[in-house]
Amino acid sequence: MEREKAVKVAKALDSIDSFELFADEVEKIVQDWDDCFVSSDFISRLYALMDEEMAKRKKVLEEL
């Protein structure tokens, strides 16, 4: 693997790892809400957006 491609792969992997950490933090916060002030519809949409974002990041890696 040439250096340029290796750098792109490393950046894509880092992007995935960073987003996973972010998503884990968001999930912890949502669990702490305990239906206080946020609708379940909002939470499902939030999770759907996070899933969509993760799919985009994984697609970038697959295309390399």
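Below is a summary of the structure that appears in this document.

Rules behind the numbers
- Residues numbered from 1 in each chain as written.
- Predicted model: local features only at pLDDT ≥ 70, side-chain atom pairs only at ≥ 80, totals over all residues.
- Heavy atoms only, no water.
- Helix = DSSP H or I, 4+ residues; strand = E, 2+ residues; numbered from the N terminus.
- Buried < 20%, exposed > 50% of the residue type's maximum accessible area, 1.4 Å probe, protein only.
- Areas by Shrake-Rupley, 256 points an atom, 1.4 Å probe, with all protein chains shown as cover.
- Lys, Arg positive; Asp, Glu negative; His and termini not counted.
- Charge placed at Lys NZ, Arg CZ, Asp CG, Glu CD.
- Phe/Tyr/Trp six-rings, centres within 6.5 Å; stacked < 30°, edge-to-face > 60°.
- Expected span 1.5 Å × (residues − 1).
- Axes fitted to C-alpha atoms, helices over the stretch in contact; angles between N-to-C directions.
- Parallel < 35°, antiparallel > 145°, perpendicular 65-115°, else oblique.
- Nonpolar A, V, L, I, M, F, W, Y, C, P; charged D, E, K, R; others polar.
- Salt bridge = Lys/Arg side-chain N within 4 Å of Asp/Glu carboxyl O.

Quick word on the overall build of the chain
At step 1: Regarding its fold elements, the chain presents two helices and zero strands.
At step 2: Per-residue burial for the chain yields a buried fraction of 19% across its 64 residues.
At step 3: Of the roughly 5,200 Å² of accessible surface on the chain, a fraction of 54% belongs to carbon and sulfur atoms.
At step 4: Both charge centroids of the chain, one from 10 positive and one from 17 negative side chains, sit 9 Å from each other.

A short note on the packing of aromatic side chains
At step 1: Applying the stated criterion across every chain, the model contains one aromatic pair.
At step 2: Aromatic pair Phe 19 and Phe 22: ring centres 5.6 Å apart, planes at 45°, arrangement tilted. One end of the pair, Phe 19, and the other, Phe 22, are both in helix H1 (residues 3-33), three residues apart, so they sit about a helical turn from each other.
At step 3: Since its relative accessible area comes to 10%, Phe 19 is described here as buried.
At step 4: What makes Phe 22 partly exposed here is its relative accessible area of 46%.

Describing the environment of Lys 8
At step 1: Within the secondary structure, Lys 8 sits in helix H1.
At step 2: When its relative accessible area of 44% is taken as the criterion, Lys 8 is described as partly exposed.
At step 3: As a C-alpha pair, Lys 8 and Leu 61 span 53 residues in sequence and 8.4 Å in three-dimensional space.

Digging into H1
At step 1: Between its first and last C-alpha atoms H1 spans 45 Å; for 31 residues at 1.5 Å apiece the expected length is 45 Å, and the two agree.
At step 2: All buried positions along H1 are accounted for by Val 9, Ala 12, Ile 16, Phe 19, Ala 23, Val 26, Val 30 and Trp 33.
At step 3: A positive phi of about 45° marks Asp 34, the residue just after H1.

Describing the packing of H1 against helix H2 (residues 40-63)
Helices that pack against each other are described as a pair by the angle of their axes relative to one another and the distance between those axes.
At step 1: Their axes nearest at 9 Å, the elements H1 and H2 cross at an angle of 170°. Considering the angle they form, H1 stands roughly antiparallel to H2.
At step 2: Considered class by class, the residues forming the contact of H1 with H2 number 18 nonpolar, one polar and five charged.

Considering the pattern of salt bridges
At step 1: If you walk through the whole model with that rule in mind, you get six salt bridges.
At step 2: Salt-bridge contacts for Lys 8 lead to Glu 4; the nearest nitrogen and oxygen are separated by 3.7 Å. Of this pair, Lys 8 and Glu 4 are both found in helix H1, four residues apart, which corresponds to roughly one turn of the helix.
At step 3: Take Glu 4: its relative accessible area is 52%, and that puts it in the exposed class.
At step 4: Its salt-bridge partner being Lys 56, residue Glu 52 comes within 3.8 Å of it at the nearest N-O pair. Here Glu 52 pairs with Lys 56, and both are found in helix H2, just four residues apart, close to one helical turn.

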